[in-house]
Every structure is written in C-alpha cells, then in structure tokens.
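The residues making up each chain are set out below.
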Amino acid sequence: MNGLKTQKEKKCLWYTYLTFMMNGLLALSLGSLLPFIRESAGLSYAFAGMIVSLHSVGNLLAGFAAGIFPAVIGKRKNILLFNACYALSYLLIVAGGNAFCLALAYFMTGLARGASSNFANDMVNSLAPGKASYLNGLHAMFSVGAFSFPVFLTILTRSSVANWMYACYAMVGMGILSWLLYYRMPMEKGKAARKEAESGRGTGQLAFFKEPLFYLCTLILFFYLCAEQGVIGWLITYFVDTGLLTVSLSQLMASMLWIMMLTGRLTTAWAVRRAKKEHLLLLMSTGAVCFFFCLLRSENTLPVLFGIMGFGFSMAGIYPTTVSFCGTLIQKYAIAWSFILTLASFGSILMPAVIGRVAQYAGIAYAMGLVAIAVAVDLILIAILNLYISRKAEKNADAL
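What counts as what
Residues numbered from 1 in each chain as written. Predicted model: local features only at pLDDT ≥ 70, side-chain atom pairs only at ≥ 80, totals over all residues. Heavy atoms only, no water. Helix = DSSP H or I, 4+ residues; strand = E, 2+ residues; numbered from the N terminus. Buried < 20%, exposed > 50% of the residue type's maximum accessible area, 1.4 Å probe, protein only. Contact = heavy atoms within 4.5 Å. Areas by Shrake-Rupley, 256 points an atom, 1.4 Å probe, with all protein chains shown as cover. Lys, Arg positive; Asp, Glu negative; His and termini not counted. Charge placed at Lys NZ, Arg CZ, Asp CG, Glu CD. 1 Å grid on protein atoms, 1.4 Å probe; cavity = no way out; pocket = protein on both sides within 12 Å on 5 of 7 lines; lining within 4 Å. Points joined across faces, edges and corners; volume = space filled by probe spheres on them. Nonpolar A, V, L, I, M, F, W, Y, C, P; charged D, E, K, R; others polar. Core = buried A, V, L, I, M, F, W, Y, C linked by side-chain atoms within 4.5 Å. Polar contact = N/O pair within 3.5 Å; in protein donor to acceptor, adjacent residues only side chain to side chain. Patch = residues over 30% accessible without salt bridge, like charges linked within 9 Å, V, L, I, M, F, W, Y side chains within 5 Å. Salt bridge = Lys/Arg side-chain N within 4 Å of Asp/Glu carboxyl O. pLDDT = per-residue confidence, 0-100. Axes fitted to C-alpha atoms, helices over the stretch in contact; angles between N-to-C directions. Parallel < 35°, antiparallel > 145°, perpendicular 65-115°, else oblique. Left-handed = near helix turned anticlockwise from the far one by under 90°.

1. Focus on the overall build of the protein
And then number 1: Assigned secondary structure in the protein consists of 17 helices and zero strands.
And then number 2: Overall, the protein is about 65 × 40 × 35 Å in size when its C-alpha atoms are taken along their principal axes.
And then number 3: Taking all 400 residues of the protein together, 56% fall into the buried category.
And then number 4: Taking contacts inside the protein between residues at least 6 apart in sequence as the whole, the part at least 24 apart equals 83%.
And then number 5: Approximately 16,400 Å² of the protein is accessible, and the part contributed by carbon and sulfur atoms is 67%.
And then number 6: Distance between charge centres in the protein, computed from 29 positive and 14 negative side chains, equals 7 Å.

So this is what it looks like as structure tokens:
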C-alpha cells in the first residue's frame, strides 16, 4: 500500500482487487464449462469457437464503450450497467440452452468482463500510475478467481456430469454479489485523474497515435490475448478430445494453470521492484514460448503438468507489466487506454474462432499450434520493445 496516502484510496484499491477476483471467477468459468455445454447442446467445433469469439466481441465493445460512457452517465453507472450482464448471462445458459441463448450469454459475459477489466486497470493506473507491482497484484487476484472455478466444477461433477448446471446457478449468485460490491465501492479518482483535472487535459487528444510505445504495447497485448484466449477457450477441450487427459484431470490442469499464473504474478510484483520491467518481460516471454512448445509435444501426464506449470508462470506477468508501460500514455491522453484495449481485444476475438475453424477441418491438435505462433510473435515484439526503451534511454542520457 506504499504510495496510497488516504484511507479512501486504500479502500478503493481493495474493492477493485476483490471485484477483479470475482471477474476472474465469472469470466474464466466459460472455458471450463465449454466441454459440458458443447456436449449438452450438440455444438460443433466451429460453432463453439464462434461463441467463444462472441465473448471476446463483447469484451471489445465494452472496453471501447468504457472510454465514452463514464463521461456521459458516470463511472459507477457504467460499471453497474455492464456488470449486470454476468448474472443475466448465466441465467440464459440455465434457462435457455439453445444456440441463440448460448451465443447471447457468451456475448454478455464478454460485455461484463471488458467493462470490469477496463475499470480495474484504469482505477489502479489512476491510483498508482505506472506501478507494475500494483497491476501485477491486481491480475494476481484475477488468477485466484480463475483457478477456483475448475476445482469447484470438478468437485460438483465427480458424482454426476449433469451437475455442471449447478455451477451455473452458483455463477448467477456470484454475478449478483459482484454487482453489489460495485454498488458499494468508493469511486476514488486517484492521483492521475486529479493531475489531469488540474492540468485541464481533455479527452479529445489523439496524439498518442504518434507514439511508438502505443503501437508496441497494443501489439504485445494483441498477441498475448490471442494466446490467452486460445488457451482459456480450448485447452480443456484439447486435452479431452485428444484423449491426452480425462475430463476431471483436464479441469485440474486448468486450475494448475491459474495457480501458476497467480504465483507468477505475485513473483513479478516482487521482481519489478528489483529489476527493469522490460528485461523481465523478455524473460517471461521466452519462458512462455519454451514451455508451450513443451506442452504441445507432451504425450503423458507428467510432461503436460511441467508444460502447464511453466507456461502459466511465464505468461502471468506479461499483460500487467505491459499495461504498466501504458501508464504515461493514459496520464497524458484520457482515451488512450480505450484504444489500446479495443485494438488489442481483436486478438481474443480472432483466435478462438480461427482455432475452432482449423479444428473442424484439421483437428484440435493442429489448431492449438496457432497459440504457439502467437507466443512466438509476442517474444519478437517484446524484444523490439526492449530495443526501443534502450535507445530512448541512450538519447535521454545524451541530452543531459
């Protein structure tokens, strides 16, 4: 809590952390539920990929709207409007069950996730601008929610597969609780917002399009989200349909992935205080490439576990640490974050649908190879970011 002076700022941070943990629980449950939903509704790979992509479409639209709606209806009303979609979407899965209701439900969870993600990242960046440790702490809370659901679902379905529906009822309740927490949250503007108000900088500035950092961060997040959404949406299905693991073991592997992401984010929050952020990014990205290739080449449980643990730990800090580089842009240009999040979110829209289409014709094993390409491209972009920061530091040193 170093750097947060008022009790209201500290309370706001804890509320943000708690609601973001619930966001992880509510948003990431969809990947664990997909095999059950696909079997129950008789969905093809292509349609399953399409509804996962609809989740990402909702995520993108909410992320963009979050840069506009708060100025019109206020920050609290905006998050309450979008967050209500969580409870409604799981009601649709329970009460509907047909293809249209499932597509609408996945789209609505995307709306809620996008708004919650935008709100949380913006709030933490506002309270502690550019502080990678706070952002890694935020995303560690997301991981707590994410790994909890597969364990819960495994326990529920141990006696009967049909019990997966009870998990949806629980998510309706969690959606309502999440909404109530946002309703009670103190809306602290934070240091960055106050500084912007004092300087008179408005929302109409688009000069960030001239900043190389804007493009580098956006592309890194784009390919990161390609990889993340590909894994979240399809990894369990990949394990089950290839016969590599049983359904229950696949769910536990999904939990292990998020446990390692939690560990990785906490480790990154500690490490960024002692090492350069850009160097840590390069190390994490290199690990992600190596461990994911190990995962794809695995043919039994032990190498799969090794690959999952290494991949989750390596990927964990990439997103929040990259976002921390956007702190100065967000301070200077009020709508920069909406553009970054919106453009980057196309990665999470495209990848699940492309994986579903490739799986339909070539098989799920070949389709998951697309994730390996995404993490490899991310490594190249992070190497370029390191070069850019190094050259910028040299220029600043020469100017002095």
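2. Remarks on empty space enclosed by the protein
And then number 1: Enumeration according to the criterion identifies four cavities of 30 Å³ or more in this entry.
And then number 2: By volume, the largest cavity is sized at about 170 Å³.
And then number 3: Residue lining of the largest cavity: 13 residues in total, with R113, S117, L225, E228 and Y319 positioned closest to the centre.
And then number 4: Looking at the lining of the largest cavity, its residues break down into five nonpolar, five polar and three charged.
And then number 5: By volume, the second largest cavity amounts to about 100 Å³.
And then number 6: Together, L28, G31, S32, A146, P150, V231, I232, L235, I236, A254, L257 and W258 line the second largest cavity.
And then number 7: Of all the secondary-structure elements, those providing two or more residues to the lining of the second largest cavity are helix 1 (7–41), helix 6 (132–157), helix 9 (212–241) and helix 10 (247–271).
And then number 8: Examining the composition of the lining of the second largest cavity, we find that four residues originate from one element, helix 9, more than from any other.
And then number 9: Partitioned by chemical class, the residues of the lining of the second largest cavity number 10 nonpolar, two polar and no charged.

3. Details of the nonpolar core
And then number 1: Counting residues in each nonpolar core, the largest one holds 128 residues, and the members touching the most others are Y90, I93, L235, F239, W258, M315 and M368.
And then number 2: For I93, the contacting residues outside a window of four places in its chain are L30, I37, L102, A105, W164 and C168.

4. Remarks on the side chain of N163
And then number 1: In this fold, N163 is placed in the loop between helix 6 and helix 7 (164–184).
And then number 2: Here L156 takes part through its backbone oxygen, which lies 3.0 Å from a polar atom of the side chain of N163.
And then number 3: With sequence-adjacent residues up to four places away left out, N163 is seen in contact with L156 and T157.

5. A closer look at the environment of A112
And then number 1: With respect to the helices, strands and loops of the structure, A112 is situated in helix 5 (residues 99–127).
And then number 2: In contact with A112, not counting residues within four places along its chain, are N23, F82, N83, C85 and Y86.

6. Focus on the layout of surface pockets
And then number 1: Looking at the second largest pocket, its volume works out to about 220 Å³.
And then number 2: L213, F325, T328, I389 and K392 are, among the 14 residues lining the second largest pocket, the residues nearest its centre.
And then number 3: Elements supplying a minimum of two residues to the lining of the second largest pocket: helix 13 (318–325), helix 14 (327–332) and helix 17 (369–399).
And then number 4: Of the residues forming the lining of the second largest pocket, the biggest block, five residues, is contributed by helix 17.
And then number 5: For the lining of the second largest pocket, the class distribution of residues is six nonpolar, six polar and two charged.

7. Description of the environment of K332
And then number 1: Secondary-structure assignment places K332 in helix 14.
And then number 2: Accessibility expressed as a relative area gives 34% for K332, which makes it partly exposed.
And then number 3: Along the sequence, K332 and Y388 sit 56 residues apart, while their C-alpha atoms lie 20 Å from each other.

8. Quick word on a nonpolar patch on the surface
And then number 1: Residues F64, I68, F69, V72, I73 and L81 make up a contiguous nonpolar surface patch of roughly 530 Å² in combined accessible area.
And then number 2: Along the polypeptide, V72 turns up in helix 3 (residues 69–73).
And then number 3: In this structure V72 comes out as exposed when scored by relative accessible area, which is 67%.

9. Examining the pattern of salt bridges
And then number 1: All chains considered together, the criterion is met by three salt bridges.
And then number 2: When the shortest N-O distance is used, the salt bridge between R38 and D241 registers 2.9 Å. With R38 in helix 1 and D241 in helix 9, the pair connects residues that are 203 residues apart, well separated along the chain.
And then number 3: Taking the relative accessible area as the measure of exposure, D241 reaches 33% and is therefore partly exposed.

10. Quick look at the side chain of S178
And then number 1: Relative to the helices and strands, S178 is located in helix 7.
And then number 2: In terms of polar contacts, S178 uses its side chain to reach the side chain of N83, at 3.3 Å.
And then number 3: For S178, the contacting residues outside a window of four places in its chain are M22, L26 and N83.

11. Overview of the confidence of the model for the protein
And then number 1: Taken over all residues, the pLDDT of the protein has a mean of 85, while the share at 70 or more is 92%.
And then number 2: Counting contacts from residues 190–194, a segment whose pLDDT is below 50, to residues more than four positions away or on other chains yields 16 contacts.
And then number 3: Segment residues 196–204 is flagged for pLDDT under 50; beyond a separation of four residues in sequence, or across chains, it makes nine contacts in the model.

12. Quick look at the packing of helix 11 (residues 277–297) against helix 13
And then number 1: The N-to-C vectors of helix 11 and helix 13 enclose an angle of 150°; their axes lie 10 Å apart at closest approach. The angle between helix 11 and helix 13 falls in the class roughly antiparallel. When you trace helix 11 past helix 13, the crossing you get is left-handed. Side by side, helix 11 and helix 13 meet where K277, E278, L281, M284 and S285 of the first sit next to I318, T321, T322, S324 and F325 of the second.
And then number 2: Class assignment of the residues belonging to the contact of helix 11 with helix 13 gives a composition of four nonpolar, four polar and two charged.

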